[in-house]
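Here's the letter readout for the chains.
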Amino acid sequence: MADIQEGGKGRGRAKSVELNLVPFIDLMSVLITFLLITAVWTQVSMIQIGSSLYGKKSDSQPNPEPPPMSNIVLKVDVKSAGYVLTAGTQMISLPVLAGGEYDDAGLVAQLQRVKQLYPEKIDAVVAVEDPLPYNQLIKAMDNLLISGFSAISVATGGPN
Amino acid sequence: MAIFRPGERHRYHNILRKRRGKRALVALLSLTAMVDMFTVLVIFLLQNFSGEQQMLQLHKDIELPQARSIKELKPAFVVTVSNKEILVDDTVVANTDEIKTQQDWMIQNLHAKIEESLAKAKADFENKLQNRIRDVVQAARSEPEEDPNSWNKITIQADRNIDILTVKKVMYTVTEAGGGEINFAVLKEPENTTN
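Just so we're clear, the structure is a prediction, and the values are computed from it rather than from any experiment.

## Considerations on the overall build of chain B
- Helices and strands together make up the secondary structure of chain B, namely five helices and six strands.
- Starting at the N terminus and ending at the C terminus, chain B contains elements arranged as α-α-β-β-β-β-α-α-β-α-β.
- The buried share of chain B, taken over its 195 residues, is 24%.
- The contacts in chain B between residues at least 6 apart in sequence include a share of 66% that link residues at least 24 apart.

## Some points on the overall build of chain A
- Within chain A one finds three helices and eight strands.
- The order of α-helices and β-strands along chain A, N terminus first, is β-β-α-β-β-β-β-α-β-α-β.
- Out of the 160 residues in chain A, the part that is buried amounts to 26%.
- Expressed as a percentage of contacts within chain A between residues at least 6 apart in sequence, the contacts between residues at least 24 apart total 58%.

## With respect to the interface of chain B and chain A
- If you look at the interface, chain B gives 48 residues, while chain A gives 38 residues.
- Residue assignment for the side of chain B that touches chain A shows that the elements contributing at least two residues are α2 (32-48), β5 (154-158), α5 (164-176) and β6 (182-188) of chain B.
- When residues in the side of chain B that touches chain A are grouped by element, the largest group, eight residues, is from α5(B).
- Class assignment for the residues of the side of chain B that touches chain A results in 28 nonpolar, eleven polar and nine charged.
- Pairing of strand β3 (residues 44-48) of chain A with β6(B) involves five bridges; the strand directions are antiparallel. Looking at β6(B), one finds that A:M46 is bridged to B:A185.

## Overview of the sheet that holds strand β6 (residues 90-95) of chain A
Residue and element names in this part refer to chain A.
- The sheet built from five strands is open, its strands ordered β6-β5-β4-β7-β8 with mixed pairing. The open sheet has two edge strands with one neighbour each: β6 and β8 (151-154). If you compare each strand with its neighbour and ignore which way they point, the axes differ by 20° on average.
- Pairing of strand β4 (residues 74-79) with strand β7 (residues 123-128), which is carried by four bridges, proceeds in the parallel orientation. Of the residues in β7, the one forming a bridge with V78 is V128.
- Those strands touched by helix α3 (residues 134-146) are β4, β7 and β8, and its axis lies near 160° from that of β7.

## Here we look at the packing of helix α1 (residues 22-38) of chain A against α2(B)
- α2(B) packs onto α1(A) with a crossing angle of 35° between their chain directions and a minimal axis gap of 10 Å. The chirality of how α1(A) crosses α2(B) is left-handed. Between α1(A) and α2(B), the residues in contact are A:F24, A:I25, A:M28, A:L31, A:I32, A:L35 and A:L36 and B:V35, B:F38, B:L41, B:V42, B:L45 and B:L46, respectively.
- For the contact of α1(A) with α2(B), the per-class residue count stands at 13 nonpolar, no polar and no charged.

## Description of the pairing of strand β3 (residues 85-88) of chain B
All names here are of chain B.
- Bridge analysis of strand β2 (residues 77-81) against β3 gives three bridges, and the strand direction is antiparallel. Opposite V79, over in β3, you have V88 as the bridge partner.
- The hairpin formed by β2 and β3 contains three residues between the paired strands.
- Examined bridge by bridge, β3 and strand β4 (residues 91-95) share four bridges and lie antiparallel to one another. Within β4, the position partnered with E85 by the bridge is N95.
- Where β3 hands over to β4, the hairpin turn is made up of two residues, of which D89 adopts a positive phi near 45°.

## Observations regarding the nonpolar core
- Residues A:V126, A:L144, B:V79, B:I156 and B:V170 are the most contacted members of the largest nonpolar core, which totals 60 residues.
- In this view, A:L144 contacts A:V76, A:L111, A:A124, A:V126, A:F149 and A:I152; residues no more than four positions away in its chain are not counted.

## Describing α3(A)
All names here are of chain A.
- Taking 1.5 Å per residue, 13 residues should reach 18 Å; α3 reaches 19 Å between its end C-alpha atoms and fits that length.
- The buried count for α3 comes to twelve of 13 residues, which makes it a mostly enclosed element.
- Among the residues of α3, those classed as buried are Y134, N135, Q136, L137, I138, K139, A140, M141, D142, N143, L144 and L145.
- Following α3 by one or two positions, G148 adopts a phi angle in the positive range, close to 100°.

How each quantity is defined
Residues numbered from 1 in each chain as written. Chains lettered and ligands numbered in written order. Predicted model: local features only at pLDDT ≥ 70, side-chain atom pairs only at ≥ 80, totals over all residues. Helix = DSSP H or I, 4+ residues; strand = E, 2+ residues; numbered from the N terminus. Buried ≥ 20, exposed ≤ 12 C-beta atoms within 10 Å, placed from the backbone. Contact = placed C-beta atoms within 7 Å. Nonpolar A, V, L, I, M, F, W, Y, C, P; charged D, E, K, R; others polar. Pairing = 2+ DSSP bridges. Axes fitted to C-alpha atoms, helices over the stretch in contact; angles between N-to-C directions. Left-handed = near helix turned anticlockwise from the far one by under 90°. Core = buried A, V, L, I, M, F, W, Y, C linked by C-beta atoms within 7 Å. Expected span 1.5 Å × (residues − 1).

Listed below in structure tokens is the structure:
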């Protein structure tokens, strides 16, 4: 154990200095128990709907300022056949890939191209077909956020 | 029990030691390895430790969607949409199957519950505001401005496979009941996955 022994061979008295580890182990045990109980193993975060521009207004709140370049339409339709991106007057169709997965990489690339064209634009609309899983809405929103469009609105109606 | 003369005693049983003479056997428990392990564990757990409280209770039936572009969770009312039921802060307000089949987008129980909770939150917030104004007058120095609409935030925690129509119904009801900013609870997607 943690001790220092000195002498013993000669005539002098053997000196044994022993470190008392018991309080240290006690402290460690208490700390470990506390930290294990309070530990958060899954990091839940959130994804935000950007603005309440089209939402219900309360009387006390002033109308929010429209974001810059909001006259240019940017809409992501999520259909069972794939994504359809509407940017201004242009419509880009990104069909479902061969494996049955949505073309997320393609959508991000197209959105980044739109961002380069209109760097100030931050608002976008997501419309998802009703029977699709909620996961698709999050994926579409995530792709928009990655591309720099932070003011996302969710359309209650389905895609056109 | 025998009565011994008071005085110094050896910790490894003096009497036995004396009798066995030079070949006394002292079995020592090696604590070094255990102390090492404890230290490593404490360091690991301390690194993982976050001072914030958990904002929402994870529901066991819910598999949250994953996302990369995320923000830190803020305190808000949590509306949970699982495959079985819809809850507001641990109170069951509706059955998910019924909501899926109903034509009307308004979920009456959810509406009532959210409205009630929001009214309470607003009253609390205004009381707090009054206190703060008083504090500000006394201290003549104010803290950074708090978000005036922080009381009406809603976090939706829904299963990733639930149909979007049900989520839209919940969102519609929440907005109609006076809810402001809506956030969706997600898990952080691991960095190295190719998507």
